[in-house]
Amino acid sequence: MDAGAEAELLSAARAGDGDAFRKLVSPHARALHLHCYRMLGSLHDAEDALQETYVRAWRNLAQFGERSPFVRWLYRIATN
């Protein structure tokens, strides 16, 4: 996804568009799930962590400062 498309989706998601948020995070779902699995060692726990990552990202979208790529922000949320 190019930076312009990501910026448009981010803007729409910040305005409350859930579909835009799904389009923003879906390209990273598999890699994020694997990241969570590597940290936790359990498929079930990894799925829970991934869902929690999405919930926290959605709730805190306004705080994303765009100083780093969106995917890096998702990884930081998942790791924390």
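Each remark here, short or long, concerns the structure printed above.
Within the protein, the secondary structure is distributed over 5 helices and 0 strands. Mapped in sequence order, the helices and strands of the protein form the string α-α-α-α-α. On C-alpha atoms alone, the protein measures out to a radius of gyration of 12 Å, which is about the 12 Å that the 2.2 N^0.38 rule sets for 80 residues. If one aligns the C-alpha atoms of the protein with their principal axes, the spans along those axes are about 35 × 20 × 20 Å.

Further remarks concern the side chain of His-28. As for its placement among the helices and strands, His-28 is situated in the loop between helix 2 (18-25) and helix 3 (29-40). Those residues in contact with His-28 that lie beyond four places of it in its chain are Val-71 and Leu-74.

In this section: the packing of aromatic side chains. In this structure the tally under the stated criterion is 4 aromatic pairs. Each ring, one from Phe-64 and one from Trp-73, has its centre 5.1 Å from the other, and the planes form 40 degrees; the classification is tilted. With 5.7 Å between their ring centres and 45 degrees between their planes, Phe-70 and Trp-73 make a pair best called tilted. Highlighted residues: Phe-70 and Trp-73, both in helix 5 (residues 70-79), separated by 3 residues, approximately one helical turn.

The rules behind each value
- Residues numbered from 1 in each chain as written.
- Predicted model: local features only at pLDDT ≥ 70, side-chain atom pairs only at ≥ 80, totals over all residues.
- Heavy atoms only, no water.
- Helix = DSSP H or I, 4+ residues; strand = E, 2+ residues; numbered from the N terminus.
- Rg over C-alpha atoms; globule rule 2.2 N^0.38 Å.
- Contact = heavy atoms within 4.5 Å.
- Phe/Tyr/Trp six-rings, centres within 6.5 Å; stacked < 30°, edge-to-face > 60°.

Fair warning: the whole summary comes from geometry, so function is off the table for now.
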